Structures are given as C-alpha cells and as structure tokens.
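Listed here are the chains, written in short residue letters.
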Amino acid sequence: MTQYLKGRALPAAVLSAAAAAILLLAAKTCPAVFPTPETLSRMDPEAAESALTGRIRRDVLGVWGEPDGTLSGLFGDIYNVEEGVGVIVYYDTESVNQGAAGSDTVPVWSVSLYHSPASLGAIPYLPSS
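A.B. asks: So what's going on with the pattern of salt bridges? Residues and values would help.
C.D. replies: If you walk through the whole model with that rule in mind, you get 2 salt bridges. Residue Asp-77 pairs with Arg-57 through a salt bridge whose shortest N-O separation is 2.9 Å. Note that Asp-77 is positioned in strand E2 (residues 76-82) and Arg-57 in helix H5 (residues 57-64), a separation of 20 residues in sequence. Overall, Arg-57 belongs to the buried group, its relative accessible area being 12%.

Listed below in structure tokens is the structure:
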C-alpha cells in the first residue's frame, strides 16, 4: 500500500489546495442570492437599492420575469407585488448611450419601493360631496 501511495501525496495536496482556492475565489465573485420582488418590497430602501444596484437587466428579467409595467421617459421596470405595493427598477442608460450595453445588459442604477396608504393600513381620505 505504501508503494502505491508513494509519489502521489504531493500532487493530491496541490490539487486539493488549488480546488480550495478556486472555491474561495468563486464565493467572493458570485453575487448573493437574488431577492424576489416580495422580499425586496419588505426591505428598507437602502438595503433594497444595494441588493440590486449594478446587476444587469437580463438577470432581473430572468429571475423576476417580465415587468408589470415600464416607465415613460426613464428606462425602468415596474413590478407589482400586491395591491398598492411594488418595486420600480431604474436602469443606467449611460452605458447604452455610449454603446457599451444593450437594453438587456444595462445595469440597475436605482431601486424605488412604493406602498400606497391603503396597503399600509391607512383609511383613504374620501372627500364628502
């Protein structure tokens, strides 16, 4: 048995060290779990923004699907979570204007969360006639 293992310990150790290094590097470069619109809508605005900023639109569409609406005048997608609650994702059009990105590879620039007063438990004001 000793004869069989002789000369194989060093290559095995080198291979193990290389595999460990690759796994550590992959963990540092892979993004965190992609939050759902529902999860994002319950975050505070700063956390929601940092969770998506810099990701590309193709990834957002791949995970969240087609948006419920789009913005007019700005490049952004609207995702309704439930009645009166949603997420608006704004994209950085500078890279598109420079020809460095297309409509599917444009990065997320900003995120906005919206909650209507009714979704927060408020009674809407109805003026008397």
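And the narrative resumes.
A.B. asks: Tell me about helix H4 (residues 45-52), residues and numbers included.
C.D. replies: Among the residues of H4, Ala-48, Ala-51 and Leu-52 are the ones counted as buried. The buried side chains of H4 occupy one side of the element, clustering within an arc of 80 degrees when seen end-on. With respect to the buried face of H4, the exposed residues turned more than 90 degrees away are Glu-46 and Ser-50. Tucked inside the fold, the buried residues of H4 contact helix H3 (37-41), H5, strand E3 (85-91) and strand E4 (108-115). Its side-chain oxygen placed 3.1 Å from the backbone nitrogen of Glu-46, Asp-44 serves as the N-cap of H4. Two residues or fewer after H4 comes Gly-54, characterised by a positive phi angle close to 95 degrees.

A.B. asks: Quick rundown of the sheet that holds strand E1 (residues 69-70)? Include the residues and the values.
C.D. replies: Taken together, the 4 strands give an open sheet; going across it, the order is E1-E2-E3-E4, and neighbouring strands pair in antiparallel fashion. Taken across any chain shown, the strands that pair with only one partner, and hence form the sheet edges, are E1 and E4. Where E3 meets E4, 7 bridges bridge the pair, whose relative direction is antiparallel. Its bridge partner lying in E4, Val-87 is registered against Leu-113. Strands in contact with H4 are E3 and E4; relative to E4, the strand with the most contacts, it is inclined by about 145 degrees. Across the sheet, H5 is in contact with E2, E3 and E4; its angle to E2 comes to roughly 25 degrees.

Conventions used here
Residues numbered from 1 in each chain as written. Predicted model: local features only at pLDDT ≥ 70, side-chain atom pairs only at ≥ 80, totals over all residues. Heavy atoms only, no water. Salt bridge = Lys/Arg side-chain N within 4 Å of Asp/Glu carboxyl O. Helix = DSSP H or I, 4+ residues; strand = E, 2+ residues; numbered from the N terminus. Buried < 20%, exposed > 50% of the residue type's maximum accessible area, 1.4 Å probe, protein only. Arc of directions from axis to C-beta. Contact = heavy atoms within 4.5 Å. Polar contact = N/O pair within 3.5 Å; in protein donor to acceptor, adjacent residues only side chain to side chain. Pairing = 2+ DSSP bridges. Axes fitted to C-alpha atoms, helices over the stretch in contact; angles between N-to-C directions.

Such coordinate-based values are descriptive only and should not be taken to indicate function.
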